[in-house]
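This is what each chain is made of:
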Amino acid sequence: MSPVGEGSRVLVVLKRVLLALPVLLVFLLSLLLHAPSRVMSGMLPPELQVDVWGGSLVDGQLQGRFGSQPVQAGWTWQPASLLRLSLGLGLGLQVPVDADVHVDRGPLSVKLDIARLHIPAGAASWLGAGTVLPAWQGHDLSFVRRHSGAWRSGEGVLTSPGGALRLNLQGQVQELVLPPARIIWHVRGDDLIGELRQSQGDASLATLTLTGDHRIQWQVRDRLLRLKTGYVSQNDPDLVVLTVAEPL
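S.K.: I keep staring at the overall build of the protein chain and nothing clicks. Help me out?
M.R.: Each helix and strand counted, the protein chain has two helices and 17 strands in total. The buried share of the protein chain, reckoned over its 248 residues, is 36%. When contacts within the protein chain are restricted to residue pairs at least 6 apart in sequence, those whose partners lie at least 24 apart make up 32%. Surface exposure of the protein chain reaches about 14,500 Å², of which carbon and sulfur atoms provide 61%.

S.K.: What exactly am I supposed to notice about the environment of Leu-248 here?
M.R.: Take Leu-248: it is sitting in the segment after strand 17 (240–247). Residue class for Leu-248 comes out exposed when judged on its relative accessible area of 60%. Once the C-alpha coordinates of Leu-248 and Asp-213 are considered, the two residues, 35 residues apart in sequence, prove to be 9.2 Å apart. Aside from chain neighbours lying at most four places away, what touches Leu-248 is Leu-210, His-214, Arg-215 and Ile-216.

S.K.: Help me out: how do you make sense of the pairing of strand 14 (residues 191–198) in this one?
M.R.: Each regular strand carries side chains that alternate between the two faces of the sheet. Counting buried positions along strand 14 yields six of eight residues, so the element is predominantly enclosed. In terms of strand pairing, strand 13 (residues 181–188) meets strand 14 through eight bridges, oriented antiparallel. Looking at strand 14, one finds that Arg-188 is bridged to Asp-191. With six bridges joining them, strand 14 and strand 15 (residues 204–210) adopt antiparallel strand pairing. Bridged to Gly-194 within strand 15 is Leu-208. Taking the residues that link successive antiparallel strands as the turn, the strand 14-strand 15 hairpin has five residues, and the phi of Gly-201 there is positive, at about 85°.

S.K.: What is the right way to read the nonpolar core from this model?
M.R.: Nonpolar side chains tend toward joint burial in soluble globular proteins. One finds Trp-136, Leu-178, Trp-185 and Leu-196 to be the most contacted residues of the largest nonpolar core, which totals 34 residues. A per-element tally of this core places strand 15 first, with four residues.

S.K.: I'm lost on the environment of Ser-148 in this one. Help?
M.R.: Inspection of the secondary structure assignment puts Ser-148 in the loop between strand 9 (136–146) and strand 10 (151–160). You can call Ser-148 exposed: its relative accessible area is 53%. The spatial distance from the C-alpha of Ser-148 to the C-alpha of His-214 is 9.3 Å, given a sequence separation of 66 residues. If sequence neighbours within four positions are ignored, Ser-148 has contacts with Gly-212 and His-214.

S.K.: For this particular structure, what's the right way to read unusual backbone geometry?
M.R.: It is generally the case that most residues other than glycine have a negative phi and that most peptide bonds are trans. Of note in the backbone geometry, Asp-140 takes a positive phi value of approximately 55° without being a glycine. When you line up the elements, Asp-140 lands in strand 9. Of note, the phi angle at Asp-202 is positive, near 60°, even though the residue is not glycine. Residue placement: Asp-202 occurs in the loop between strand 14 and strand 15.

S.K.: Explanation requested: the side chain of Ser-233 in the structure shown.
M.R.: Secondary-structure assignment places Ser-233 in the loop between helix 2 (222–225) and strand 17. A distance of 3.1 Å separates the side chain of Ser-233 from the side chain of Asp-222, its partner in a polar contact. Among the polar contacts made by the side chain of Ser-233, one reaches the main-chain amide nitrogen of Asn-235 at a distance of 3.0 Å. Setting aside anything within four residues of it in sequence, one finds Ser-233 in contact with Asp-222 and Arg-226.

S.K.: I would appreciate a short explanation of the packing of aromatic side chains in the present structure.
M.R.: The geometry of an aromatic ring pair is captured by two quantities: the separation of the ring centres and the angle between the planes. Here the structure, examined in full by the defined rule, presents one aromatic pair. Aromatic pair Phe-143 and Trp-185: ring centres 5.9 Å apart, planes at 90°, arrangement edge-to-face. With a gap of 42 residues between them, Phe-143 in strand 9 and Trp-185 in strand 13 connect regions that are remote in the sequence. The same class applies to Phe-143 as to Trp-185, namely buried.

Parameters and conventions
- Residues numbered from 1 in each chain as written.
- Predicted model: local features only at pLDDT ≥ 70, side-chain atom pairs only at ≥ 80, totals over all residues.
- Heavy atoms only, no water.
- Helix = DSSP H or I, 4+ residues; strand = E, 2+ residues; numbered from the N terminus.
- Buried < 20%, exposed > 50% of the residue type's maximum accessible area, 1.4 Å probe, protein only.
- Contact = heavy atoms within 4.5 Å.
- Areas by Shrake-Rupley, 256 points an atom, 1.4 Å probe, with all protein chains shown as cover.
- Pairing = 2+ DSSP bridges.
- Core = buried A, V, L, I, M, F, W, Y, C linked by side-chain atoms within 4.5 Å.
- Polar contact = N/O pair within 3.5 Å; in protein donor to acceptor, adjacent residues only side chain to side chain.
- Phe/Tyr/Trp six-rings, centres within 6.5 Å; stacked < 30°, edge-to-face > 60°.

Below, the structure written as structure tokens:
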């Protein structure tokens, strides 16, 4: 066959491929849009046991358990996020917390924008056996964390009217009645810091740190322990009297 004839054949094949490409893309997109939500099962943490799947990969729901806590969640894929080279999901949680969250997973980091968050008062075993929390709520919280674990930004405030608080910090049980308080979030270096402060007087009670190397750390001040029944101290109220750190 002459070079001219061979070249013509190549052009014909190339045209056919280019004509078929849009059809192939539409077919793949259709598969994605209609894929059952269950295909996400391999991407979930092992602590989350799903009993019921519903909807599709891009608009679905699930019901299950996180430890002993029931979980209900729904999500909607947001295609516009592809323009930012990321995967965007609108996520709604009903239990164990009630929240509206936008998750944007990019090539370098994950961003969480929490429009509304409510944590009910009572047992919170999802934070550890025996944990009891007062009610907490917050609006317009935002966090960015790199895939390496380093926190890049964090801002927002959680507020509580106060109530029973019980924490088991590496075998040390701290049980008290928390006054009206707030947690102020910010980033220092690669760590996300939550400052627990009394609403009245803005006195510091404790510091919660989520580190860039995947640890959680509590620093409890003497002022917080003074809220325990029978606790008496002559220490400076701002003295850090207990530091506990463990892997996440």
